[in-house]
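If you want the building blocks of each chain, they are given just below.
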Amino acid sequence: MEQRTHRLTSEKLVGKPVKIEKDYAEVLLETTEEMAVDEYGLVHGGFTFGLADYAAILAVNEPTVVLGKADVKFLKPVKVGEKLTAKAEVSEDLGRKKIVKAEVFNEKNEKVFEGTFHCYVLEKHVLE
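Below is a summary of the structure that appears in this document. As the structure is a prediction and not an experimental result, all values here were calculated from the model.

Rules used in this analysis
Residues numbered from 1 in each chain as written. Predicted model: local features only at pLDDT ≥ 70, side-chain atom pairs only at ≥ 80, totals over all residues. Heavy atoms only, no water. Helix = DSSP H or I, 4+ residues; strand = E, 2+ residues; numbered from the N terminus. Rg over C-alpha atoms; globule rule 2.2 N^0.38 Å. Buried < 20%, exposed > 50% of the residue type's maximum accessible area, 1.4 Å probe, protein only. Contact = heavy atoms within 4.5 Å. Phe/Tyr/Trp six-rings, centres within 6.5 Å; stacked < 30°, edge-to-face > 60°. Lys, Arg positive; Asp, Glu negative; His and termini not counted. Salt bridge = Lys/Arg side-chain N within 4 Å of Asp/Glu carboxyl O. Pairing = 2+ DSSP bridges.

1. So, the overall build of the protein chain
Alright, step 1. Summing up its helical and strand segments, the protein chain has two helices and six strands in all.
Alright, step 2. The order of helices and strands in the protein chain, counted from the N terminus, is α-β-β-α-β-β-β-β.
Alright, step 3. Taken against the 2.2 N^0.38 rule, which gives 14 Å for 128 residues, the C-alpha radius of gyration of the protein chain at 14 Å falls within 12% of a compact globule.
Alright, step 4. For the protein chain, the residues scored as buried account for 39% of the 128 residues in total.
Alright, step 5. In the protein chain, of all internal contacts separated by at least 6 residues, the share reaching a separation of at least 24 is 61%.

Right, dumping it as structure tokens:
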């Protein structure tokens, strides 16, 4: 399926789409030194959140979709060098509002993050 939204998103910062289907998406992110917050190589949670958010947006895949709210849990730390995969699926279609469940896994298939994203399909672009 063709990507219909957020086409200019940085693969380096929030990931590369690897699967887009109706109401489902997967995005892969390779974490880098730039994402570290300390000398241990802990990756800032914002990158993990951004990855999950991007997958949720792609699961909806409408040109004017935006995130309105998210309820998330960080389950395990992420270290520089890990490859993360986000999987997102629309769990409720309420017309212009879509509830999307997203999970992020590391290379060992351990769940590091989960969340519920409330996405809204607007009549026109949010900045118009």
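2. Section: the packing of aromatic side chains
Alright, step 1. Summed over all chains, the structure comprises three aromatic pairs.
Alright, step 2. Taken together, a centroid distance of 6.3 Å and an interplanar angle of 80° make the contact between Phe49 and Phe113 edge-to-face. Of this pair, Phe49 sits in helix H2 (residues 45-60) while Phe113 sits in strand S6 (residues 111-121), and the two are 64 residues apart along the sequence.
Alright, step 3. Overall, Phe49 belongs to the partly exposed group, its relative accessible area being 25%.
Alright, step 4. Residue class for Phe113 comes out buried when judged on its relative accessible area of 0%.
Alright, step 5. Taking 5.6 Å as the distance between ring centres and 45° as the angle between the ring planes, the aromatic pair formed by Phe49 and Phe117 counts as tilted.

3. Topic: the side chain of Glu26
Alright, step 1. Its place among the elements puts Glu26 in strand S2 (residues 24-30).
Alright, step 2. Despite its burial, Glu26 remains without a salt bridge, the nearest opposite charge being carried by Lys19 at 4.1 Å.
Alright, step 3. Residue contacts for Glu26: discarding those within four places in its chain leaves Lys16, Pro17, Val18, Lys19, Thr85, Ala86 and Lys87.

4. Here we look at the pairing of strand S4 (residues 83-94)
Alright, step 1. Two elements, S2 and S4, share seven bridges in a ladder whose sense is antiparallel. Its bridge partner lying in S4, Glu30 is registered against Lys83.
Alright, step 2. Examined bridge by bridge, S4 and strand S5 (residues 97-105) share nine bridges and lie antiparallel to one another. Residue pairing across strands places Val90 opposite Val100, the latter belonging to S5.
Alright, step 3. The turn linking S4 back onto S5 is made up of two residues, and Gly95 within it adopts a positive phi angle of 80°.

Interpretation note: all reported values are geometric properties and have no functional meaning in isolation.
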